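Structural characterization, general
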Amino acid sequence: MCGIVGYIGDKNVYPILINGLKRLEYRGYDSAGISILKDEIQVYKKQGKVKDLEKFVSDKDVTGTIGIGHTRWATHGEPSDVNAHPHTSENGHFVLIHNGIIENYATLKNKLTKRGYSFYSETDTEVLANLIEYIYLKGKVSAEIAIRLALTKVIGAYGLVILCKDEPDKLIAARKGSPLVIGIGENEYFLASDATPIVEYTKSVVYLNNDDVAIIKKNELVLKTVSNDTLVPKVQQLDLEIGMMEKNGYDHFMLKEIFEQPRSIENTFRGRIASDLKSLHLGGLYNVMPRLIEAKRIIIIGCGTSWHAGLVGEYLFEDLARLPVEVEYASEFRYRNPLITKDDVVIAISQSGETADTLAAIQLAKEAGALVLGICNVVGSSIPRETDAGVYTHAGPEIGVASTKAFTAQVTVLALMSILIGRKRGLLSDEVFFQLIREMNQIPAKLEYLLTFNDQYKKIAEMYKEANNFLYLGRGYFFPVALEGALKLKEISYIHAEGYPAAEMKHGPIALIDQNMPVVVIAAKDKSYNKIVSNIQEVKARNGIVIAIVTEGDTVIKSMADHVLEIPKCDEKLVSLLAVVPLQLLSYHIAVMRGCNVDQPRNLAKSVTVE
Ligand code: G6P
């Protein structure tokens, strides 16, 4: 969602802002803008892409060494030049960019209107700009005090960076709910909503916490709370390389990330599987292991693809650790009245570590006294900081909006956790335990092999790229894979697709099947193999087109399906890590052939920081 970038120092700010905004494009946005403070504050903003903004400013004065930039994903008010950020207060004293939602903006707007303020946009952000200015002018206080006072009146979430024309030596930033990170250079500071625009300049960063306010001059960083308590900034080092954020010769980030999976899965289990393949260590869970072993129930929460990984986790924890598991959409869970006890373990899964609904669900679980764990990819993000303990997926930056390597990394962590807990609960013999570790260790090589069949997936994509609907069917571990396959297709190709448990097909979707309906059936060998064979026959009996994912050497399904895509033999508990890959590539190729923007699909955001 909205992306923020800021700079103060001696360098020319414009290229820093534009490059930063380009780095943030992956988050999803509909308009972009910058503001540069020289003698006056110049604001340039445009609906559309960052390149439209570049074109727009090509004949403007963009010199200066202090500035802010923003990519907007519309919440209040449609995408337009006017609603784009930065927003300027009525008398021009303040210009600000904002990520998040001011929930009481209507009340604040009413009060400000009564005091003579008028508004040019439909945004909640402009209300905040005017509220700050009102307090500043009325109270005759400094910009910092006006901002802190204004924030005490705000209900909602924000990541903010503010320029004040009367105090041109500083940027003021504040965070509640929406992430902000400050990069520390020499006589310069960078600001961004995540580390991607910063890493090419510095690796020393400070993550803002909720209610922090940063007053940043080019050679000084002062950190306070909204209520004016001084804080000591905690400087951390980024574990990111600039090359991780480049396409490295691939046409799209999504394709690069699909092909990275053998390595990213290996990175997920590196140092966690012992080199003799006889033991497992999850350092992040060490202190909470006694509570985990004694847990009465596991509740997994997440959104989108992370929720699908959670479903695989449900089967893994049931099978290997014999623990009851519930998997919940964070957005539903947070607004229900869920029964959570101190004996529950809540596992929040999130690639970004910033999803607003997941963060809110974590809060609920913490208040109920449950042990709350995180499985996240982005190091230093909010969820790992809000949870009691957790495991990073270490898949590296995922830039494509459609999640691919994050999913397989999440499933890898869930598998490692369930194997470890099952073992510690005394449920897995040496033989089973060692075998599972060996199987996991072989996944990268099997995936490497699987990826050599890319051209085959491309051929199938060519045949069905014009379809209007797709159905994805799977049973057991393959049901979440079916959901994930369908999600990938609809996200990036805009073809309607549904994932279904194969047996449930008879209770509805079977009515949709005709000679035009491609049905992707995940049918590798597992304990329900014979049942899925019957489901394939049911589809064929209605003239549906069957594209089956099968175990190498399967001749039974080959004789009845229209197309088979083979995957290597693998323990059924881990096979979702393989089976999902042909589905990712099938969606990718279909989307490319349909001319879709694969890395930045319409309306979607990579990191959903508003509810
Ligand atoms: C967005 C992304 C999805 C992602 C979901 C959850 O919808 O486009 O790819 O699965 O958010 O995000 P998270 O960062 O919490 O895994």
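Above this text you will find the structure in question.
Residue positions within a chain follow its written sequence, with the count starting from 1. At least 70 in pLDDT is required for a residue's local features to be given in this predicted model, at least 80 for side-chain atom pairs to be given and counted, and no such filter applies to totals for whole chains, interfaces and linings, which use all residues. Only hydrogens and water are removed before side-chain values are computed, so all heavy atoms of the structure are retained for them.

Focus: the overall build of the chain
What counts, and what does not: Elements are defined by DSSP. Helices are runs of H or I of four residues or more, strands are runs of E of two residues or more, and each kind is numbered from the N terminus. The globule rule used here is 2.2 Å times the number of residues to the 0.38 power, and the radius of gyration it is set against is calculated over C-alpha atoms. Using a 1.4 Å probe on the protein chains alone, a residue whose accessible area is under 20% of its type maximum counts as buried, one over 50% counts as exposed, and one in between counts as partly exposed. We call two residues in contact when some of their heavy atoms are within 4.5 Å. Where accessible areas are quoted, they stem from the Shrake-Rupley method and a 1.4 Å probe; at the residue level, only the protein chains shown are allowed to cover.
The helix and strand inventory of the chain stands at 18 helices and 25 strands. Taking 25 Å as the expected radius of gyration for a compact globule of 611 residues, we find that the chain reaches 25 Å, a close match to that expectation. For the chain, with 611 residues in total, the buried portion stands at 61%. Within the chain, counting contacts between residues at least 6 apart in sequence, those at least 24 apart form 72% of the total. When the accessible surface of the chain is totalled, it reaches about 23100 Å², and 49% of it is carbon and sulfur.

Topic: the nonpolar core
Convention followed: Definition of nonpolar core: a set of buried residues of the types Ala, Val, Leu, Ile, Met, Phe, Trp, Tyr and Cys, connected through side-chain atoms within 4.5 Å.
Judged by nonpolar contacts, the single largest core of 97 residues is most densely connected at F317, I347, L373, M417, F470 and Y472. A total of 11 residues in this core trace back to one element, the largest contributor, which is helix 18 (residues 576-593). With sequence-adjacent residues up to four places away left out, M417 is seen in contact with L282, L285, F317, I347, L373, I375 and V391. Among the nonpolar cores identified, the runner-up in size contains 32 residues, and V5, F190, M245 and F253 belong to it.

Description of the environment of L160
Examined against the element boundaries, L160 turns out to sit in strand 7 (residues 158-164). Classification of L160 by relative accessible area gives buried; the value is 0%. Placed 18 residues apart in sequence, L160 and S178 show a C-alpha to C-alpha distance of 8.6 Å. Excluding anything up to four places from it in sequence, L160 contacts I4, L96, I97, H98, L128, L151, I172, A173, A174 and L180.

Side note on the sheet that holds strand 10 (residues 189-192)
Rules: Note on pairing: DSSP must find at least two bridges between two strands before they are called paired. To obtain each axis, a line is fitted to C-alpha atoms, and for helices this fit is confined to the stretch in contact; angles are then taken between N-to-C directions over 0 to 180 degrees.
The strand order across the open sheet built from eight strands is 3-2-4-1-10-9-11-15, with neighbouring strands paired in antiparallel fashion. Each end of this open sheet is capped by a strand with a single partner; those strands are strand 3 (41-47) and strand 15 (236-237). Sheet analysis places strand 2 (residues 31-37) next to strand 3, joined by seven bridges and oriented antiparallel. Note on strand 3: the bridge partner recorded for I36 is Q42. Relative to the sheet, helix 1 (residues 13-24) contacts strand 1 (3-8), strand 2, strand 4 (66-72) and strand 10, its axis offset from that of strand 1 by approximately 160 degrees.

Re the site of the ligand
To keep things clear, this is the line we draw: For this description, a residue counts as near a given molecule or strand if any of its non-hydrogen atoms is within 4 Å of it. Distance and chemistry together define a polar contact, namely a pair of N or O atoms within 3.5 Å, with one atom able to donate a hydrogen and the other to accept it when in protein, and with adjacent residues in sequence counting only for side-chain atoms on both sides. As a working rule, the residues Ala, Val, Leu, Ile, Met, Phe, Trp, Tyr, Cys and Pro are called nonpolar, Asp, Glu, Lys and Arg charged, and the rest polar, with Gly in that last group.
Near the ligand you find 13 residues, and of these S306, S350, Q351, S352 and T355 are the closest. Within the contact set of the ligand, an oxygen atom lies 3.0 Å away from a backbone nitrogen or oxygen of T305. For the ligand, whose unbound accessible area comes to 390 Å², protein coverage reaches 91%. Per-class residue counts for the shell around the ligand are four nonpolar, eight polar and one charged.

Some details on the packing of aromatic side chains
Think of a pair of aromatic rings as described by two things: how far the centres are apart, and how the planes are tilted against each other in angle. Condition: The aromatic pairing rule takes the rings of Phe, Tyr and Trp, using the six-membered ring of Trp, and pairs them if the centres are within 6.5 Å, calling planes under 30 degrees apart stacked, those over 60 edge-to-face and the rest tilted.
For the structure shown, the criterion picks out 10 aromatic pairs. Taking the centre distance of 6.4 Å and the plane angle of 80 degrees together, the rings of Y117 and Y134 count as edge-to-face. With Y117 in the loop between helix 3 (105-114) and helix 4 (124-139) and Y134 in helix 4, this residue pair connects regions lying 17 residues apart in the sequence. Among the residues examined, Y117 registers a relative accessible area of 8% and is labelled buried.

Side note on the sheet that holds strand 23 (residues 518-522)
Strand order across the open sheet formed by five strands is 22-21-23-24-25, with parallel pairing between neighbours. Each having just a single partner strand, strand 22 (496-501) and strand 25 (563-567) make up the two edges of the open sheet. Between one strand axis and the next, the sheet turns by 20 degrees as a mean value, whatever way the strands run. The pairing of strand 24 (residues 545-551) with strand 25 spans five bridges and is classified as parallel. Note that in strand 25 the partner of I547 across the bridge is H563. Its contacts with the sheet place helix 15 (residues 454-464) against strand 21 (469-474), strand 23, strand 24 and strand 25, and it is angled at close to 150 degrees to strand 25.

Observations concerning the packing of helix 15 against helix 18
Note the threshold: Our angle categories are set so that under 35 degrees counts as roughly parallel, over 145 as roughly antiparallel, 65 to 115 as roughly perpendicular, and the remainder as oblique. Note on convention: near helix rotated counterclockwise from far helix by under a right angle means a left-handed crossing. Clockwise means right-handed.
Where helix 15 meets helix 18, the closest approach of the two axes is 8 Å, and the angle between their N-to-C directions is 50 degrees. Regarding the angle of helix 15 to helix 18, the classification is oblique. Crossing of helix 15 against helix 18: the hand is right-handed. Contacts from N454, Y457, K458, I460, A461 and E462 in helix 15 reach P582, L585, L586, H589, I590 and M593 in helix 18. Residue composition of the contact of helix 15 with helix 18, grouped by class: eight nonpolar, two polar and two charged.

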